[in-house]
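Results of the structural survey
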Amino acid sequence: EAQVTQNPRYLITVTGKKLTVTCSQNMNHEYMSWYRQDPGLGLRQIYYSMNVEVTDKGDVPEGYKVSRKEKRNFPLILESPSPNQTSLYFCASSGSLGSPLHFGNGTRLTVT
Amino acid sequence: GENVEQHPSTLSVQEGDSAVIKCTYSDSASNYFPWYKQELGKGPQLIIDIRSNVGEKKDQRIAVTLNKTAKHFSLHITETQPEDSAVYFCADSGYSTLTFGKGTMLLVSP
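Residues numbered from 1 in each chain as written. Chains lettered and ligands numbered in written order. Predicted model: local features only at pLDDT ≥ 70, side-chain atom pairs only at ≥ 80, totals over all residues. Heavy atoms only, no water.

1. Some details on the overall build of chain B
- Across its full length, chain B carries 0 helices and 11 strands.
- Counting helices and strands in the order they occur from the N terminus, chain B gives β-β-β-β-β-β-β-β-β-β-β.
- Considering only C-alpha atoms, chain B reaches an extent of 40 × 25 × 20 Å along its principal axes.
- Per-residue burial over chain B gives 46% buried out of 110 residues.
- For chain B, long-range pairs separated by at least 24 residues make up 54% of all intrachain contacts whose partners lie at least 6 apart in sequence. (Helix = DSSP H or I, 4+ residues; strand = E, 2+ residues; numbered from the N terminus. Buried < 20%, exposed > 50% of the residue type's maximum accessible area, 1.4 Å probe, protein only. Contact = heavy atoms within 4.5 Å.)

Here it is in structure tokens:
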């Protein structure tokens, strides 16, 4: 089954403790992206990647890192999480920009 | 895309009525306009999309119209059903990224 898999689905952590949210897709997609969803603000892009070893900042990249060492994986790294990063995070992929995006089921992160 | 405005933020209709959600965009280079439906606890799913060389596209009860001159596009759902209740997002894509509207919560009452 074609899918985007994010892990974990839920995560509660404390300020400053480094964490990684994994994202993997099995559709051989070149384009991958991370979004955060907050009430009243919709989906805001954090980082995106057009292909392996190519990443770019989205609208809200501060406090986040990403890497794209393999085509299928696009982890989101929070080196020192803060409470304002409490949010619902989505990973997505597509064959290219301008093709339909496939989303994972989300990771709900709480930073205390 | 650069900026996408979506209206209304909430829409309540009776089952069987039509629902219309409108979006405006600012980037003249935008050429791809998808609509996503997000059900509770799930990621958004594409329901219909349109490209800039087409003015209208229909898929059963769902249609999208695009007015490039006015830079706006709309989602039309006819004969709404309770299972249409969800949050709907419009988006536009230019050369570098996909930008989403803030979403519309559609509530369809039986």
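Moving on from the model shown.
2. Focus on unusual backbone geometry
- Here Asn 7 of chain A and Pro 8 of chain A are connected by a cis peptide whose omega angle stands at -5 degrees.
- The amide bond that connects His 7 of chain B to the next residue, Pro 8 of chain B, takes the cis arrangement and shows omega of -5 degrees.
- Looking at the element boundaries, Pro 8 of chain B is found in the loop between β1 (4-7) and β2 (10-14).
- In this structure, Gln 60 of chain B is a non-glycine residue whose phi angle is positive, near 55 degrees.
- Relative to the helices and strands, Gln 60 of chain B is located in the loop between β6 (56-59) and β7 (62-67).
- Not every positive phi belongs to a glycine, and Lys 71 of chain B is a case in point at roughly 55 degrees.
- Residue placement: Lys 71 of chain B occurs in the loop between β7 and β8 (72-77).

3. So, the pattern of salt bridges
- Under the defined criterion, the tally for this structure stands at 8 salt bridges over all chains.
- Its salt-bridge partner being Arg 36 of chain A, residue Asp 38 of chain A comes within 2.8 Å of it at the nearest N-O pair. Of the two residues examined, Asp 38 of chain A and Arg 36 of chain A, each falls in the buried class.
- The salt bridge partner of Asp 49 of chain B is Lys 57 of chain B, with a shortest N-O separation of 3.0 Å.
- According to the relative accessible area criterion, Asp 49 of chain B is buried, its value standing at 13%.
- One continuous salt-bridge network, built from bridges that share partners, spans Lys 18, Lys 65 and Glu 79 of chain A. (Salt bridge = Lys/Arg side-chain N within 4 Å of Asp/Glu carboxyl O.)

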